[in-house]
Amino acid sequence: MEESIKSHIRSHCVGTTAVVYASDYLNKLTGERIERECKKQLDSGARALVIDFSDTELVNSIGISILLGIIDIAEKIGALVVFSDVNDETVQLFDMLGLTRHVVLARDEQEALSGLSTPPTQTQAISH
Amino acid sequence: MSHNRHEEGRQILGRVKRDQFVGRVAELQRLVSHATQSGRLERAGHPVDRRGLLILLAPLAGVSELLRQAYDELFNKRESVPIYFALPQTEATAVSAAIEFLNTFLLQYIAFRRDEPSLCQLSLTLNDLVQLAPADDLPWIEELIEAYNLQRFGKDDRELVRFCLTAPNRVPSRNGRLYIFFDAVQLANYADSSVPLAAEIVRALVFSKLPFALAGLRREVLDAVGRAGGNFDSLDVLRLEPLGEEDARKLVVSAAHRHQVAINDETRDLLVQQLEGSPFFITAMLEAARENNLALESYLACERLYVDELMGGRLNRYFTSVLEHIAPEPETRAAVVRLLCEAVPTGNRTASFEAWRKRLKLDSVGVEQLLRALHIQELVNWDGETVDAAGASSVWKDYLRSRFRLDALREPRALVVADVMAEALKRAPQTIARHYRRVAGLRLRELLGEFNAQLVPKTLFDFAAFAARYKGATADEIAAGLDADTALLRLPQVFHTASGVSLSPELRQFGEESSVVARAFERGTYTDDNEIVWLVAKLNSKLEADRSLVETWCDRLAGLARQSGFIRTQLWLVANEGFSPEAIELLRERNAYGSSQQQFELLSARLSEGAGAPQQSDDANEFSLILPMGGDNELLAATIVEQVARRLNFSPEAINQIKTAIVEACINAAEHSLSPDRKIYQRFRVENDRLVITISSRGIVPPDIQGYLEEGPVEEIGRDESEDQAEQRRGWGLKLIRTLMDEVEFERVDEGTSLRMTKYLRKSAQ
């Protein structure tokens, strides 16, 4: 069997923190890609996840349920999850569904990384 | 010039114009082709005598208009002289029917010879006909009428009948080649005649030199030909079943248009399903709608008319006439109704001849005649010993039940009418839902029927492997991955498929077509070792199927295999969203295949080319949009609504809320897995202070969907209950919509769902 299909999700690592970028529309397909990428990063030793929503304009309930799954997985192995650069409308939606009770929200990626107190030892592009 | 005129296609006997004749087009071509080519057919280079065509009709399948259309086409072609005769429904004797045949034959013959189609509609005496006969035909016609007058005053009725029926043989061959269309659907009405009319008709046609088409109820015609000693080898056969779905839809639309009766897609499909594709029932209903100036745009209107027709209209008259013919004595008739009515609902399908004899209080000959008549009309199946009343049409069963309550139980008519209508209304959505399930199930069966030793990627049967490789992948990526896959599975060659229910009736509770048994051979050789049975089930699960559901189905299918004595089997379960990890483990333990709906579709696409359903668009007064389900198409809807909302000066926040709501509504609509057209219908209505959006889809209404709107405020996610969480998600969409929009309600529709959402400008601006 071949290796897995490329996910086209942008991500990079800063120390033991993985930063994963969500696309403009968070639905089942893109949600699953983020999930796959996050799992991969956690399997590779990441201990914190920053999911960056700077490009995200719209999310749907299936995408949100996948995010919830990611939070679960991270929690089970003691990894932290931070959502960064989430627009106001999406924050409202996350609030509505109680998602914000389970994650930390950061204004941007930098604030997220600072908040996690991860020493910025190296930055490595993982995939594009 | 005259040739062109004929080619235009004059409407002579046809009751509808040629371009409005739908549903039996292929049969019409076959019939005309038989008429123009009979006697000139060849088989292996040798001429074959196939002058006769038997048209074997399922009850109520309808044939008269087909024959009339064929008549018109032949008349206009001017190659053969068509003669169409239908046994009258009201003539009581064989003699009068035969005389009528003679008159009709001469009238139509002269109309053709003079090329004056309008003559066919006239009622003329034999003397009138002699006056109209062309000079070239006058000698033989005068001779025929003289002989007829001698015969008419003889004492032998059978001779007279025979004389009349064989009259077309007297036409000199130089004057034209005749083709007889004999519509004998009413033959059963002549069973009591002193002359055996069925046998005489068959003899007159089969033993003459003229080509012909003889149409009648299949059981009766086959019996009559057999009794008359006809040689089946020299006869072609055309079987007419009730219309297929597509043709029945066309007929409903065409008849509704002709009668100017308003219908919609939902009622069209209801009429097709409920009336079981019978042209007679469909036409009768639409004619009745026209007479009563009714629109059939809701289930309620359809069922109201149906019950009216059943209790006192065309449907009632038809069944009453059949019943009165079968059992002329009121006492016997009442006993027959009781017997049939008792057999149908209890599932007590079969009864013995003796039991019928005792209940009917008739002698054996009387019971035999009665059962034979019921058998011919296919109201029962009678094999000489047992009587099976289960197979008749549901319209007949409705008639029977109402008749029983009115006549035998003497219940008030108002009560019966209301009850029948309530039952019909309750049954309507079930009928349609059952139809969609059957269609979905049929796809499973059809797919298995296409298994023919092809090589396909093994991952299509292994949900775990498929999910691991392709989760999050685009359609193109999946296609490319599957194309490059080197782990392949050789499908067996399937030679027979059957519904699981046909082998194990207890599976009926899960739906007629939820399971399929496919008999097959592996490795392309037909040996005991290679014989295998695929036992396949489609699991009814919105979410990933769990271990317990998979275990239950594995046990059921294994039980079916044991009962049926299958030695080598392969289980294959298909679940909409695939399987949970525990279920996957169990599938492995049982050596069973498991696929999601997506894998099933991919396999289906690989084995055959799919065809898309036609798209439609209407409504000029509103913005409307029809989108195919899936493929992120909800984003298109969101983009459009954004433009519309901007025009109304909604705030950016409100626009985003509307967009999210519409996305959720589209996702919700797409989750109706059995939507027949896989389309989402959207309407955006702009009013002064509000935007009203309606999202509709056809298909089955999810149970308790209204409940999601009626429950309390949107709930936060319960992350600890992983099983319930997924179940909860189904409700999130609707709850989100309710939170994001100002007003949300489900509009009442007969089929599927229609969600209306309103956002107020003032409210959102506050």
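Rules behind the numbers
- Residues numbered from 1 in each chain as written.
- Chains lettered and ligands numbered in written order.
- Predicted model: local features only at pLDDT ≥ 70, side-chain atom pairs only at ≥ 80, totals over all residues.
- Heavy atoms only, no water.
- Helix = DSSP H or I, 4+ residues; strand = E, 2+ residues; numbered from the N terminus.
- Buried < 20%, exposed > 50% of the residue type's maximum accessible area, 1.4 Å probe, protein only.
- Contact = heavy atoms within 4.5 Å.
- Areas by Shrake-Rupley, 256 points an atom, 1.4 Å probe, with all protein chains shown as cover.
- pLDDT = per-residue confidence, 0-100.
- Pairing = 2+ DSSP bridges.
- Axes fitted to C-alpha atoms, helices over the stretch in contact; angles between N-to-C directions.
- Phe/Tyr/Trp six-rings, centres within 6.5 Å; stacked < 30°, edge-to-face > 60°.
- Lys NZ or Arg CZ within 6 Å of the ring centre and 35° of its normal.
- Buried area = accessible area lost by both parts, 1.4 Å probe.
- Salt bridge = Lys/Arg side-chain N within 4 Å of Asp/Glu carboxyl O.
- Left-handed = near helix turned anticlockwise from the far one by under 90°.
- Nonpolar A, V, L, I, M, F, W, Y, C, P; charged D, E, K, R; others polar.
- Right-handed = clockwise from strand over helix to strand, strands pointing away.
- Expected span 1.5 Å × (residues − 1).
- Polar contact = N/O pair within 3.5 Å; in protein donor to acceptor, adjacent residues only side chain to side chain.
- Arc of directions from axis to C-beta.

A word on the overall build of chain A
Here's step 1: Counting its secondary structure elements, chain A contains 4 helices and 8 strands.
Here's step 2: Burial statistics for chain A: of 128 residues in total, 58% are counted as buried.
Here's step 3: Within chain A, counting contacts between residues at least 6 apart in sequence, those at least 24 apart form 75% of the total.
Here's step 4: For chain A, the computed accessible surface area is about 5700 Å², with 48% contributed by carbon and sulfur atoms.

With respect to the overall build of chain B
Here's step 1: Scanning chain B for helices and strands turns up 30 helices and 22 strands.
Here's step 2: Put simply, chain B has 766 residues, and 53% of those count as buried.
Here's step 3: Summed over its atoms, the accessible surface of chain B is roughly 35400 Å², and 48% of this surface lies on carbon and sulfur atoms.

Quick look at the confidence of the model for chain B
All names here are of chain B.
Here's step 1: For chain B, per-residue confidence averages 84 on the pLDDT scale, and residues scoring 70 or more make up 88% of the total.
Here's step 2: Taken as a whole, residues 609-621 scores under 50 in pLDDT and shows 11 contacts with residues more than four places along the chain or in a different chain.
Here's step 3: pLDDT under 50 marks residues 719-723. Its contacts with residues more than four places away, or in other chains, come to 6 contacts.
Here's step 4: On the interface metric, ipTM, the complex scores 0.84, and its pTM is 0.69.

So, the sheet that holds strand β17 (residues 593-596) of chain B
All names here are of chain B.
Here's step 1: Strands sit in the order β13-β14-β15-β16-β17 across an open sheet of 5 strands; the sheet is mixed. Each end of this open sheet is capped by a strand with a single partner; those strands are β13 (493-499) and β17. Each adjacent strand pair in this sheet contributes to an overall mean axis angle of 20°, direction not counted.
Here's step 2: In this sheet, strand β15 (residues 531-539) lies alongside strand β14 (residues 515-521) in antiparallel orientation, the contact comprising 7 bridges. When the sheet's bridge partners are listed, valine 516 is paired in β15 with valine 536.

Overview of the packing of aromatic side chains
All names here are of chain B.
Here's step 1: Across all of its chains, the model carries 31 aromatic pairs over all chains by this definition.
Here's step 2: Consider the rings of phenylalanine 75 and phenylalanine 112, whose centres lie 5.2 Å apart with planes at 75°: the pair is edge-to-face. Of the two residues, phenylalanine 75 sits in helix α3 (residues 64-77) while phenylalanine 112 sits in helix α4 (residues 94-113), which places them 37 residues apart along the sequence. The pair formed by phenylalanine 75 and phenylalanine 112 is uniform in burial state, with each residue classed as buried.
Here's step 3: A ring pair is formed by tryptophan 396 and tyrosine 399, whose centres lie 5.8 Å apart and whose planes are at 25°; its orientation type is stacked. Of this pair, tryptophan 396 and tyrosine 399 are both found in helix α18 (residues 394-408), 3 residues apart, which corresponds to roughly one turn of the helix. The same class applies to tryptophan 396 as to tyrosine 399, namely buried.
Here's step 4: Among the aromatic residues, ring-to-ring pairing joins Phe280, Phe281, Tyr318, Phe319, Trp396 and Tyr399 into one connected group.
Here's step 5: Sitting over the face of the ring of tryptophan 553, arginine 556 holds its NZ or CZ atom 4.5 Å from the ring centroid.

Remarks on the interface of chain B and chain A
Here's step 1: Listed per partner, the contact involves 39 residues of chain B and 36 residues of chain A.
Here's step 2: Both faces combined, the contact of chain B with chain A buries some 3300 Å², and carbon together with sulfur accounts for 56% of it.
Here's step 3: Viewed at the interface, chain A and chain B are joined by 2 salt bridges.
Here's step 4: Going through the elements one at a time, α20 (463-470), α21 (475-484), α26 (634-647), α27 (652-670) and α29 (722-740) of chain B are the ones with two or more residues in the side of chain B that touches chain A.
Here's step 5: A total of 9 residues in the side of chain B that touches chain A trace back to one element, the largest contributor, which is α27 of chain B.

A closer look at the pairing of strand β6 (residues 212-217) of chain B
Note on strand geometry: in a regular strand, side chains alternate between the two faces of the sheet.
Residue and element names in this part refer to chain B.
Here's step 1: Among the 6 residues that make up β6, 6 are buried, leaving the element largely enclosed by the rest of the structure.
Here's step 2: Direction of pairing for strand β3 (residues 52-57) relative to β6: parallel, over a ladder of 6 bridges. For leucine 57, the partnering residue across the bridge sits in β6 and is leucine 217.
Here's step 3: One ladder, built from 4 bridges, connects strand β5 (residues 178-183) with β6; its direction is parallel. Paired with isoleucine 180 across the bridge in β6 is phenylalanine 212.

Some points on the sheet that holds strand β4 (residues 81-86) of chain B
The strands making up a sheet associate through hydrogen bonds between their backbones, and the pairing can be parallel or antiparallel.
Residues and elements named next belong to chain B.
Here's step 1: Ordered in space as β4-β5-β6-β3-β7, the 5 strands form an open sheet in which the pairing is parallel. Edge strands, defined here as strands with exactly one partner in the open sheet, are β4 and β7 (235-240). Pairwise comparison of adjacent strand axes, ignoring direction, gives a mean angle of 15° for this sheet.
Here's step 2: The strands touched by helix α2 (residues 25-37) within the sheet are β3, β5, β6 and β7, with β7 carrying the most contacts at an inclination of about 165°.

Topic: the packing of α21 of chain B against helix α25 (residues 597-607) of chain B
Residue and element names in this part refer to chain B.
Here's step 1: Closest axis-to-axis distance for the α21/α25 pair is 12 Å, and the angle between their directions is 65°. Considering only the axes of α21 and α25, their crossing is right-handed. Two secondary-structure elements touch here, α21 through Ile478, Ala479, Leu482 and Asp483 and α25 through Gln598, Leu602 and Arg606.
Here's step 2: A class-by-class count of the residues in the contact of α21 with α25 yields 4 nonpolar, 1 polar and 2 charged.

Some thoughts on the pattern of salt bridges
Any two side chains of opposite charge can pair, on the condition that their charged atoms come close.
Residue and element names in this part refer to chain B.
Here's step 1: Tallying each qualifying case throughout the model produces 49 salt bridges over all chains.
Here's step 2: Arginine 218 is the partner of glutamate 378 in a salt bridge, and the nearest nitrogen-oxygen pair spans 2.6 Å. A residue pair is termed long-range when its members are at least 10 positions apart, and glutamate 378 in the loop between α17 (364-376) and β9 (381-382) and arginine 218 in helix α9 (residues 218-227) qualify at 160 residues.
Here's step 3: Salt bridges linked by common partners bring Glu245, Glu246, Arg249, Asp265, Glu266, Arg268, Asp269 and Arg698 together as one network.

Quick word on the side chain of glutamate 27 of chain B
Here's step 1: For glutamate 27 of chain B, the position within the fold is in helix α2.
Here's step 2: When neighbours within four sequence positions are excluded, glutamate 27 of chain B is seen to be in contact with Leu66, Leu238 and Leu240 of chain B.

Things to note about the packing of helix α13 (residues 299-312) of chain B against helix α14 (residues 314-326) of chain B
Residue and element names in this part refer to chain B.
Here's step 1: Interhelical geometry of α13 versus α14 gives an angle of 35° and a closest axis separation of 5 Å. Considering how the two elements wind past one another, α13 and α14 form a crossing that is right-handed. Across from Tyr306, Glu309, Leu310, Met311 and Gly312 in α13, the residues of α14 making contact are Arg314, Leu315, Asn316 and Arg317.
Here's step 2: A class-by-class count of the residues in the contact of α13 with α14 yields 4 nonpolar, 2 polar and 3 charged.

Considerations on the pairing of strand β6 (residues 80-84) of chain A
All names here are of chain A.
Here's step 1: Counting buried positions along β6 gives 4 out of 5 residues, so the element sits mostly inside the fold.
Here's step 2: Relative to strand β7 (residues 104-106), β6 runs parallel, the two sharing 3 bridges. Across the sheet, the residue bridging to phenylalanine 83 is leucine 105, located in β7.
Here's step 3: Handedness of the crossover is the feature at issue here: the chain leaves β6, passes through helix α3 (residues 88-96), returns alongside β7, and the resulting connection is right-handed.

A word on the confidence of the model for chain A
Here's step 1: Looking at chain A, the pLDDT average stands at 83 and 85% of residues meet or exceed 70.
Here's step 2: When the criterion is pLDDT under 50, residues 118-128 of chain A qualifies, and its contacts beyond four places in sequence or with other chains add up to 32 contacts.

Section: helix α1 (residues 28-43) of chain A
Residue and element names in this part refer to chain A.
Here's step 1: Look at α1: 22 Å from first C-alpha to last across 16 residues, which is about the 22 Å you get at 1.5 Å a residue.
Here's step 2: Turning to α1, its buried residues are Thr30, Gly31, Glu32, Arg33, Ile34, Glu35, Glu37, Cys38, Gln41 and Leu42.
Here's step 3: The opening residue of α1, the one whose side-chain oxygen lies 3.3 Å from the backbone nitrogen of leucine 29, is asparagine 27.
Here's step 4: Following α1 by one or two positions, glycine 45 adopts a phi angle in the positive range, close to 110°.

Some points on α9 of chain B
The α-helix advances 3.6 residues per turn, and as a result positions three or four apart in sequence lie on the same side.
All names here are of chain B.
Here's step 1: All of the buried residues in α9 are Glu220, Val221, Ala224 and Val225. Across the axial projection of α9, the buried residues extend over an arc of 125°, all falling on one side.
Here's step 2: Contacts made by the buried residues of α9 are with β3, α8 (197-206), β6, β7 and α17.

So, the environment of isoleucine 667 of chain B
Here's step 1: With respect to the helices, strands and loops of the structure, isoleucine 667 of chain B is situated in helix α27.
Here's step 2: Residues isoleucine 667 of chain B and aspartate 632 of chain B, spaced 35 residues apart in sequence, show a C-alpha to C-alpha distance of 9.2 Å.

Points about the environment of histidine 375 of chain B
All names here are of chain B.
Here's step 1: In this structure, histidine 375 sits in helix α17.
Here's step 2: The sequence separation of histidine 375 and alanine 389 amounts to 14 residues, and the corresponding C-alpha distance is 9.6 Å.
Here's step 3: Residues within four places of histidine 375 in sequence aside, it is in contact with Arg219, Val380, Asn381 and Trp382.

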